[in-house]
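# An overview of the molecular structure
One-letter residues, chain by chain:
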Amino acid sequence: GSGDVLTGLLGGLLARGYAAPDAAALAVWLHGRAGDLLTEERTAEAYASLDLVDYLYRGFKELYDGGE
């Protein structure tokens, strides 16, 4: 489920060299932000956790280039 998405995101950030506390904080924020963005377009009952993955890039985009 969505916990698997969070775990994969955390693992990916750790593999990229983020320190564990930073990776955890970033993974949780990105996971939550992706959920927020997804529910702006669909209700929580109308998506699967895989759909969440499609919104992660938007969270990264907000962080790294101001969402433009």
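Everything below is about the structure shown above.
Residues numbered from 1 in each chain as written. Predicted model: local features only at pLDDT ≥ 70, side-chain atom pairs only at ≥ 80, totals over all residues. Heavy atoms only, no water.

We now examine the packing of helix H2 (residues 20–41) against helix H3 (residues 49–65). For any two helices packed against each other, the geometry comes down to the angle between their axes and how far apart the axes lie. The contact between H2 and H3 brings their axes to 7 Å, and the two run at 115°. With respect to their mutual orientation, H2 and H3 come out roughly perpendicular. For the element pair H2 and H3, the recorded crossing hand is right-handed. Where H2 abuts H3, its residues Leu 26, Trp 29, Leu 30, His 31, Arg 33, Ala 34, Gly 35, Leu 37, Leu 38 and Glu 41 lie against Asp 51, Leu 52, Tyr 55, Leu 56, Arg 58, Gly 59, Phe 60, Glu 62, Leu 63 and Tyr 64. Its residues assigned to classes, the contact of H2 with H3 comprises twelve nonpolar, three polar and five charged. (Axes fitted to C-alpha atoms, helices over the stretch in contact; angles between N-to-C directions. Helix = DSSP H or I, 4+ residues; strand = E, 2+ residues; numbered from the N terminus. Parallel < 35°, antiparallel > 145°, perpendicular 65-115°, else oblique. Left-handed = near helix turned anticlockwise from the far one by under 90°. Contact = heavy atoms within 4.5 Å. Nonpolar A, V, L, I, M, F, W, Y, C, P; charged D, E, K, R; others polar.)

This part is about the pattern of salt bridges. Summed over the entire model, instances satisfying the criterion amount to four salt bridges. Between Asp 51 and Arg 42 there is a salt bridge whose closest N-O contact spans 3.2 Å. (Salt bridge = Lys/Arg side-chain N within 4 Å of Asp/Glu carboxyl O.)

Let's shift gears to the packing of aromatic side chains. Counting across every chain of the model gives one aromatic pair. Measuring from centroid to centroid gives 6.1 Å for Phe 60 and Tyr 64, while their planes differ by 15°, and the two rings are stacked. Taken as a pair, Phe 60 and Tyr 64 lie in helix H3 at a separation of four residues, close to a single helical turn. Among the residues examined, Phe 60 registers a relative accessible area of 26% and is labelled partly exposed. (Phe/Tyr/Trp six-rings, centres within 6.5 Å; stacked < 30°, edge-to-face > 60°. Buried < 20%, exposed > 50% of the residue type's maximum accessible area, 1.4 Å probe, protein only.)

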